[in-house]
Amino acid sequence: MAEGSIGRWMFSLAAPAVVAQVINLLYNIVDRIYIGHMPGVGATALTGVGLCMPILMLVNAFAMLSGAGGAPRAAIAMGRGDNPVAERITGNCLTMLVGIAVVLTAAFYTFAPALLRLFGASDATLPYALSYTRIYVLGSVFVLIVLGMNPFITTQGFSKFSMLTTAIGAVCNIILDPILIFGLGMGVAGAAVATVLSQGVSAVWVLLFLCGERTRLRLRPENLRPKARVILPCLALGVSSFVMNATESLLSISFNASLSRYGGDVAVGAMTIITSVSQLISMPNQGICQGGQPLIGYNFGAGRPDRVKKAFACQFGICVGYATLFWVAVMAFPHFFVHIFNSDPALVDYTVWGMRIYMAGIFASGFQTSCQQAFVALGQAKVSLLLACERKLILLIPLIFLLPLLMPDNKVFAVFLAEPVSDILAAATTVTVFMTRFNKIMRQGPGKA
């Protein structure tokens, strides 16, 4: 990575990451696509499933305590040549994930009705939301194992095998969804069962690899016994990723609660579609940055600021270009994107109106993501976390509740407006901070970064 074309390196590193993110995107939205086209009840059922998202996001957040905390610790131990320590970390993280799954399953299954009401469920949408949530949380152990243990495969250098974990689950989900939803007439419950079964297949895939011959870090019974000195450092390292994902859950709760209050079920249903469409930009851009980070970080560590600048410029240009093209497409052809998820005329018209407001500033996400993720590559994880929190906790969530008070005659409009205002302000702040600090970071070098 210290020699050769930056563009070629960027493509070779980013392409697999983007493919993985697209596969993961299919995993996330395929249920909603099928549910939204259920005859007669698609719009209501889609709204109900959208209300489950905060719970699903919290499950993902807890998985990050292991994936983003334990896997890097294991990599550090492997780098020291201490594979026994790395294996203890791997085993302890699996035990931690199973323990978390037991607690989350009991809590979410018991309190799901109250939580869903808090998130904005109505009498019409609650049965669908409750059906999906309770089945999903019963299989949360599979979700936690896949998301929490798959990074231990990636950190050993088996990136293609790791990508197959997601691909296998996504393909199973795509196949099982229509069979269970329509073929067996299970509806929303069928979508949840399909997801659980698909995650179960992926979980078995991960565990078989970590118990097999190819792995360098093998799961051994003696390493499953939890020890504080092993688990606590993993939790400390994973807490920032946990916070990032947990705030996404809080953000979803804030939007759904406000829209339910001011616009009813149709507004919440529209938001479910809009957030699904927004993933078409956020996840590929995350993949681009995942490819750019090793290139930026390697050359930063090698003392090659010229190549760091070229790598960042390449990442920045691709992210901003993609975000801008996506923004143009959504503004020009919103009906196309909405019809992917539902064809109900009332919901389609409402969603098109809301999408044009919500995504008015989506072009700014390219600036925000590329600069924020570059901070991570340069060893500035705290700055990256603060900038992410600024957008969500300082700007977006307060504006969701404040703007309707300032615009009492257009409250739903005001809720949707909170997103582009936050996008543009956060992007301006992030770019300014990055340009201000970048040269200083280059001068200091990796030793003080």
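Description of the structure in this document. Note that residues are indexed from 1 along each chain, following the sequence as it is written. It should be noted that, the model being predicted, local features are given only for residues of pLDDT at least 70 and side-chain atom pairs only at 80 or more, the latter also being counted only at that level, while totals for whole chains, interfaces and linings use all residues. For side-chain calculations, the full set of non-hydrogen atoms in the structure is used, while hydrogens and water are omitted.

Some details on the overall build of the chain
- Runs of H or I in DSSP of at least four residues are treated as helices and runs of E of at least two as strands, each being numbered from the N terminus. The helix and strand tally for the chain stands at 16 helices and 0 strands.
- As defined in this context, the radius of gyration uses C-alpha atoms, and a globule is described by 2.2 Å times the residue total to the power 0.38. For a compact globule of 449 residues, the expected C-alpha radius of gyration is about 22 Å, and the chain comes in at 22 Å, within 12% of that figure.
- If one aligns the C-alpha atoms of the chain with their principal axes, the spans along those axes are about 60 × 50 × 35 Å.
- Partly exposed describes any residue whose relative accessible area lies between the buried limit of under 20% and the exposed limit of over 50%, with all areas from a 1.4 Å probe on protein chains only and scaled to the type maximum. Taking all 449 residues of the chain together, 51% fall into the buried category.
- Summarising the internal contacts of the chain: among those between residues at least 6 apart in sequence, 81% fall at separations of at least 24.
- To measure how exposed things are, a 1.4 Å probe is used in the Shrake-Rupley method; for residues, cover is taken only from the protein chains shown. When the accessible area of the chain is evaluated, it comes to approximately 18400 Å², of which 69% is carbon and sulfur surface. Residue contacts follow a heavy-atom distance rule, with two residues in contact if any of their heavy atoms lie within 4.5 Å.

Description of the nonpolar core
- Residues grouped as a nonpolar core are buried Ala, Val, Leu, Ile, Met, Phe, Trp, Tyr and Cys residues, joined through side-chain atoms within 4.5 Å. Within the largest apolar cluster, 100 residues are counted, with the highest numbers of intra-cluster contacts made by I35, Y132, M149 and M359.
- Dropping the residues within four chain positions of it, Y132 is found in contact with D31, I35, V49, C52, L56, V188, A191, A192 and T195.
- The next biggest cluster of nonpolar side chains, apart from the first, holds 22 residues, and it includes I6, I296, F434 and F438.

Remarks on helix α7 (residues 140-154)
- Taking 1.5 Å of rise per residue, the 15 residues of α7 would be expected to cover 21 Å, and the 22 Å separating its terminal C-alpha atoms lies within 8% of that figure.
- In this structure, the buried side of α7 is in contact with α3 (53-67), α4 (70-79), α5 (83-119), α6 (126-138), α8 (159-183) and α9 (188-210). Helix span, expected: 1.5 Å multiplied by one less than the number of residues in the helix.

What about the packing of helix α10 (residues 228-301) against helix α13 (residues 345-358)?
- Every axis in this analysis is a line fitted to C-alpha atoms, fitted for helices over the stretch in contact. Angles between the N-to-C directions lie between 0 and 180 degrees. At a minimum axis distance of 9 Å, the contact between α10 and α13 shows a crossing angle of 80°. As summarised for this structure, α10 and α13 are arranged roughly perpendicular, according to the angle between their axes. On α13, the residues touching F255, G263, V266, A267, G269, A270, M271, I273, I274, T275 and V277 of α10 are A346, L347, Y350, T351, G354, M355 and Y358.
- The class makeup of the residues in the contact of α10 with α13 is 13 nonpolar, 5 polar and no charged. Oblique is the label for any angle not under 35 degrees, not over 145, and not in the 65 to 115 range, which are roughly parallel, roughly antiparallel and roughly perpendicular in turn. Residue classes follow a fixed rule: Ala, Val, Leu, Ile, Met, Phe, Trp, Tyr, Cys and Pro count as nonpolar, while Asp, Glu, Lys and Arg count as charged, and any other residue, Gly among them, counts as polar.

Concerning the packing of aromatic side chains
- The criterion for an aromatic pair is that two Phe, Tyr or Trp rings (for Trp, the six-membered ring) have centres within 6.5 Å, with stacked assigned to planes under 30 degrees apart, edge-to-face to planes over 60 apart and tilted to the rest. This structure, assessed with the given rule, holds 18 aromatic pairs.
- Judged by centre distance (6.0 Å) and plane angle (85°), the ring pair of W353 and F416 falls under edge-to-face. Taken as a pair, W353 in helix α13 and F416 in helix α16 (residues 411-444) lie far apart in primary sequence, 63 residues in all.
- Note on W353: relative accessible area 37%, which makes it partly exposed.

Considering the pattern of salt bridges
- Salt bridges are counted wherever a side-chain nitrogen of Lys or Arg sits within 4 Å of a carboxyl oxygen of Asp or Glu. Under the criterion given, the structure shown has 7 salt bridges.
- Notably, a salt bridge pairs R218 with E213, separated by 3.7 Å at the nearest N-O pair.
- A salt bridge links D306 to R304, with the shortest nitrogen-to-oxygen separation between them at 3.5 Å.
- The class for D306 is partly exposed, based on a relative accessible area of 38%.
- Its relative accessible area of 25% is what places R304 among the partly exposed residues.
- When salt bridges with common partners are traced through the structure, they connect R391, E419 and D423 into a single cluster.

A few points about the packing of helix α1 (residues 6-36) against helix α11 (residues 305-332)
- At a minimum axis separation of 10 Å, α1 and α11 run at an interaxial angle of 55°. In terms of orientation, α1 lies oblique with respect to α11. Seen from above, α1 lies across α11 with right-handed handedness. Between α1 and α11, the residues in contact are I6, G7, W9 and M10 and R307, K310, A311, C314, Q315 and I318, respectively.
- Partitioned by chemical class, the residues of the contact of α1 with α11 number 6 nonpolar, 2 polar and 2 charged. Helix crossings fall into two classes, left-handed where the near helix is turned counterclockwise from the far one by less than a right angle and right-handed where it is turned clockwise.

As for the environment of A191
- By secondary structure assignment, the location of A191 is in helix α9.
- Separated by 150 residues in sequence, A191 and F341 place their C-alpha atoms 14 Å apart.
- Those residues within four positions of A191 in sequence are excluded, and the remaining contacts are D31, I35, Y132, D177 and I181.

Things to note about the environment of F434
- Note on placement: F434 falls in helix α16.
- Overall, the relative accessible area of 1% leaves F434 in the buried class.
- Spatially, the C-alpha atoms of F434 and V30 are 36 Å apart, while their sequence positions differ by 404 residues.
- Setting aside anything within four residues of it in sequence, one finds F434 in contact with F312, C371, A374, F375 and L378.

Some points on a nonpolar patch on the surface
- A residue counts toward a patch only above 30% relative accessible area and without a salt bridge, and it is joined to like-charged neighbours within 9 Å or, for Val, Leu, Ile, Met, Phe, Trp and Tyr, to nonpolar neighbours within 5 Å. Among the surface-exposed residues, V171, I175, I179, L184 and M186 lie close enough to one another that they form a single nonpolar patch of about 450 Å² accessible area.
- With respect to the element layout, L184 can be found in the loop between α8 and α9.
- Its relative accessible area of 56% is what places L184 among the exposed residues.

With respect to the side chain of Q368
- By the element assignment, Q368 lies in helix α14 (residues 364-377).
- With sequence-adjacent residues up to four places away left out, Q368 is seen in contact with L387, R391, A426, A427 and T430.

Concerning the state of the cysteines
- Only a pair of cysteine sulfur atoms within 2.5 Å qualifies as a disulfide here. Under the counting rule described, the total for this entry stands at 0 disulfides.
- The closest cysteine sulfur to the non-disulfide-bonded C234 is located on C93, 4.1 Å from its own sulfur.

Concerning α3
- Compared with the 21 Å implied by 1.5 Å per residue over 15 residues, the 20 Å span of α3 between its first and last C-alpha is a close match.
- Those residues of α3 not exposed but buried are M53, P54, I55, L56, V59, A61, A63, L65, S66 and G67.

Considering the side chain of N342
- Its place among the elements puts N342 in the loop between α12 (334-339) and α13.
- Here a polar contact is recorded for every N or O atom pair within 3.5 Å, except that within protein the pair must consist of a potential hydrogen donor and a potential acceptor, and residues adjacent in sequence are included only if both atoms are side-chain atoms. Within the local environment of N342, its side chain forms a polar contact with the backbone oxygen of G36, the two atoms lying 2.5 Å apart.
- Those residues in contact with N342 that lie beyond four places of it in its chain are G36, H37, G42, A43, L46, I273, L347 and V348.

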